[in-house]
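# Understanding the architecture of this molecule
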Amino acid sequence: MKYVMRACACIVLFLTANLPALVHLGLPGTAAAGAVLLFLIIQAVPSLENRKLPGRRLRILGDGCELLGLFLTSGTASIVFEIVLFVKLVPGERGICLWNLAVLVLAEAAVFWNGIIRVYLTSFQLGLKWRILGIACGWIPGANLAALWKIISVTSGEVRFESMRAERNRKRKEEQICRTKYPLLLVHGVFFRDFQYFNYWGRIPKELEENGAVIHYGNHQSAASVADSAGELAERIRKITEETGCGKVNVIAHSKGGLDTRFAVSCLGMDRYVASLTTINTPHRGCVFADYLLEVIPDRVQKKVAAGYNRTLKRLGDENPDFLAAVGDLTASSCEKFNEKVKNCPEVFYQSVGSRLNRAGGGRFPLNFSHHLVKYFDGPNDGLVAESSFPWGEKFTFLTVHGKRGISHGDMIDLNREDIRDFDVREFYVKLVEDLRKRGF
């Protein structure tokens, strides 16, 4: 049915775009008026099938894809018709050909701009790159069609993927597979925040909540020593357990947040309030690259960079950010001492996750630059942390994908809201939390 409706829409667009010539060739006036009316309806509602899509954004995006596809099909047919018309009409009738061309351009332009504006405004996966290329190639014959085909491919794929996800969540809604015994506490890493101005965890929390999870956030400063961050987290954990009466929390901590939480659990008495700790791409053994940087960069440069960072983060809400203390605690030498002091607590379930960026070009800025440097000092890595630094606890999960891309440090928290082929980050967290639930946490 979908393809029949699409074919009918293409016919309507073709008729409207070529009305002067078709009327000249004998198309009845009532048919012409009907085609114009249907053209206006299609401009507003390109596809009845898209009304079934979940959410207004996806419906608009789906309609945009539909319009661009119709533009390609009906536009191609109209151009062929215009050429035939020009060749077949006698010289005295060539004026109708020019009049038809003007209407064709206006009609197809209306379809194109209606579609491209919808797509540009609602797609998450198109990215800045293809938006710019689409504009830059717009007036280059051949290149514009290639760019448009890519735009349609990316955005229609986004519609299919998001529709599949929504349907999957709808079917398992009653199961509440992420409804763990204890709520989740998501702990951010260094140089980022999870409250006020920034969503650190991308689309992950919403996906977990749709499957039954109860979520809290660390709400601690962006940069501080491990000990200071652990102190903030300890207060946060106490507050959550006291206010909700939940007794314990399951902590999922990314990057330095894993070290902060380990310190809070082992050294600040939080073992009584933490049922499980899952560390995501945490540098448990530190980064040799960080040692190198602190050795070769002059102190005055380090202090200048730190002052600029600390000043900026104070404006954003951090009370006492300490850039150098945070970096210093991530070195391999510091982490070696840390691991000697901070031991696992037997009543807490520890597990870890790590990923690999297969090549520098697979990561977004600045990971595409740091990947080579970290690889030189630490070996295969996620753009910031080496593979050898990830494993900790009873269970270790290693992630990557085939091909050139891989999975970066930022990908593991959905930092860029990017759908990666063969790796659904949101579903990964759903399964991770479902496993915690099955373990009784």
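Residues numbered from 1 in each chain as written. Predicted model: local features only at pLDDT ≥ 70, side-chain atom pairs only at ≥ 80, totals over all residues. Heavy atoms only, no water.

Now for the pattern of salt bridges. If you walk through the whole model with that rule in mind, you get 26 salt bridges. A salt bridge links Glu 66 to Arg 6; its shortest N-O distance comes to 2.8 Å. Of this pair, Glu 66 sits in helix 4 (residues 56-88) while Arg 6 sits in helix 1 (residues 2-17), and the two are 60 residues apart along the sequence. For Glu 387, the salt bridge goes to Arg 356, with nearest N and O atoms at 3.3 Å. Of this pair, Glu 387 sits in the loop between helix 15 (367-378) and strand 6 (395-399) while Arg 356 is found in the loop between strand 5 (349-355) and helix 15, placing the two residues 31 residues apart along the sequence. By sharing partners, the salt bridges in this structure join Glu 162, Arg 165, Arg 203, Glu 207, Asp 414, Asp 419 and Arg 426 into a single network. (Salt bridge = Lys/Arg side-chain N within 4 Å of Asp/Glu carboxyl O. Helix = DSSP H or I, 4+ residues; strand = E, 2+ residues; numbered from the N terminus.)

For the rest of this paragraph, the subject is the packing of aromatic side chains. Considering all chains together, one arrives at 15 aromatic pairs under this definition. Seen from their ring centres, Phe 112 and Trp 113 are 5.1 Å apart, and the 80 degrees between their planes marks the pair as edge-to-face. Judged by relative accessible area, which is 49%, Trp 113 ranks as partly exposed. The structure contains a cluster of three or more aromatic residues connected by ring pairs, namely Phe 192, Tyr 200, Trp 201, Phe 423, Phe 428 and Tyr 429. Here Arg 131 stacks its cationic end above the ring of Tyr 120, 5.8 Å away from the centre of that ring. Against the face of Trp 392 rests Arg 262, its NZ or CZ located 3.7 Å from the ring centre. (Phe/Tyr/Trp six-rings, centres within 6.5 Å; stacked < 30°, edge-to-face > 60°. Buried < 20%, exposed > 50% of the residue type's maximum accessible area, 1.4 Å probe, protein only. Lys NZ or Arg CZ within 6 Å of the ring centre and 35° of its normal.)

Our focus in this paragraph is helix 15. For helix 15, the full list of buried residues reads Leu 367, Ser 370, His 371, Val 374 and Asp 378. Viewed along the axis of helix 15, the buried residues span an arc of 120 degrees, placing them on a single side of the element. Away from its buried face, by an angle of more than 90 degrees, helix 15 presents the exposed residues Phe 369, His 372 and Tyr 376. Where the residues of helix 15 are buried, they touch helix 11 (288-296). Looking one or two places after helix 15, you find Gly 379, whose phi comes out positive at around 100 degrees. (Arc of directions from axis to C-beta. Contact = heavy atoms within 4.5 Å.)

Attention now moves to the UniProt feature "transmembrane region" (unreviewed entry) in the protein chain. Residues annotated in UniProt with the feature "transmembrane region" (unreviewed entry) correspond here to residues 31-48, 68-87, 99-121 and 133-152. When the span residues 99-121 is considered, its composition is 100% helix and 0% strand, and the gap between its end C-alpha atoms is 33 Å. With 70% helix and 0% strand, residues 133-152 has its two end C-alpha atoms placed 13 Å apart. (UniProt positions renumbered as here; feature names shortened; annotations may be inferred.)

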